[in-house]
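Listed below, chain by chain, are the residues.
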Amino acid sequence: MKADPQRHPALASQPVFVPTIGFRPLGTRTLREPAQTAEDDVRLSVLVVAAAPDRTDILVEWEWTPNAATCPPIVASLMSREPLERTLTAAVMIGTSTIEPTRWGPRSLTSQGFARSTLTFPPLPGETPDAMLRVADGAREWRVPFVLVPGQAAATALAVHAERDGVVLRATALAHHADELTVGLEAEAAWQIRQVGAPIPTGPSFSRDSAESLRNKRQEFRRHFAARASPIVLEDDRGGRLEEIGRLFLHDPQQTTTGGPFQSRFSVVFDAPNADAATATLVVPFVELNDPEHSVTADLRALPRDLRLGEYRFSVVKAEPHRANETRVFLQIPRSASSPRFVQPRQMRGAGPDDFAWQRAPEGEELISMTTTVGDPPTVTFEGAVLRVDGPFRLAIPLH
């Protein structure tokens, strides 16, 4: 663990914490109060705004009555697999200015009639607090006026880092809000960063969820996924140990070209630690990276067979039917003491451009499986390698 004050000169200024969004620079404006409008039996709400000097993020939520006899067209757009930007348009209007989004974030969706997404815009003009979000589905429009105020949720800037085998992890900010503690993290490496630890999934949440329902959902996910998870942990100086309960992402894609360094920024959320604890250590179990360079194709009719992705060796042991039309392919990954170490192919492509698998399922100590749809002849192509730098990375941080 080392202090790293020169790496981030902007940290000399106190950051602003925006709940459900994350940390933003000093000068960020936020929403005075949630705003909403209804049109065509669909309610559109602006829940959170982080209007920072360098970008603007707006969390929106749609609500409609499910199972209605006739659903408005926008509901079909929200529930389809198409990216939202292909079917909807959006803009922020301030005075005579119309500002279009630079990115639509991933959507969260529930069968109970809710959908959420975070829209990213360029910086908004700072001379007026009044703005309007316009979202359109063809000729139908939803217009939501909202008011911006200076951000009030102050955070503490941090400049702490840990480094191992070419991977640098930095703790950049900390904030206490409600009954939670949030820590800003940044990972940097020469390869694209695939994941940092393996948290228990949290599932989507919506404005009408009660605190009790969120707790129950968290417990249910923990019951199903805890055995496979390897979350980030907070160990305080009073002997407390807390596992992360959520993450806040910028949803910015990492660059796809080589030459790095690649960076991934996000915030980790914990339940509030012991009020008497003065310091804590953030423990990150591992960081996985994507090396996209090599590929190899395997014919599933001739198994088992040994394959190579550049210098990384593995075996395709067997393949068997899975569900209606998918095939589960079993891979044996040799043990390795190197760091970074090869843990799986980056992805396995099957019959078509949309038929691929990138997640692995453990099938034993050295066996994993990946599942997708294959064609005739039954071939799959493995593209790239996933490399893991094992921790623990330990970052000591103050709590006050």
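Everything quoted here is computed from the prediction, not taken from an experiment.

A word on the sheet that holds strand β24 (residues 305-309). The five strands lie next to each other as β24-β25-β26-β30-β29, forming an open sheet whose pairing is antiparallel. With one partner strand each, in any of the chains shown, β24 and β29 (361-362) form the two edges of the open sheet. Here β29 pairs with strand β30 (residues 367-372) via two bridges, running antiparallel. By the bridge assignment, P362 is partnered in β30 with I368.

Scanning the entire structure with this criterion turns up 26 salt bridges. With a closest N to O distance of 3.4 Å, E39 and R140 form a salt bridge. Remark: R140 occurs in strand β14 (residues 140-150) and E39 occurs in strand β5 (residues 35-39); sequence separation between them is 101 residues. You can call R140 partly exposed: its relative accessible area is 37%. A salt bridge links R208 to E63; the shortest N-O distance between them is 2.8 Å. Of the two residues, R208 sits in the loop between β18 (192-196) and α3 (211-225) while E63 sits in strand β7 (residues 56-64), which places them 145 residues apart along the sequence.

Quick look at the pairing of strand β17 (residues 180-189) now. Among the 10 residues of β17, nine are classified as buried, and the element is accordingly described as predominantly covered. Bridge count for strand β16 (residues 167-177) against β17 is nine bridges, and the pairing is antiparallel. Across the sheet, A175 pairs through a bridge with T182, a residue of β17. Between β16 and the antiparallel strand that follows it, β17, lie two residues; A178 among them carries a positive phi value of about 55 degrees. Here 10 bridges tie β17 to strand β22 (residues 262-271), and the two strands are oriented antiparallel to one another. Pairing of E180 across the sheet is with D271, part of β22.

What counts, and at which threshold
Residues numbered from 1 in each chain as written. Predicted model: local features only at pLDDT ≥ 70, side-chain atom pairs only at ≥ 80, totals over all residues. Heavy atoms only, no water. Pairing = 2+ DSSP bridges. Helix = DSSP H or I, 4+ residues; strand = E, 2+ residues; numbered from the N terminus. Salt bridge = Lys/Arg side-chain N within 4 Å of Asp/Glu carboxyl O. Buried < 20%, exposed > 50% of the residue type's maximum accessible area, 1.4 Å probe, protein only.

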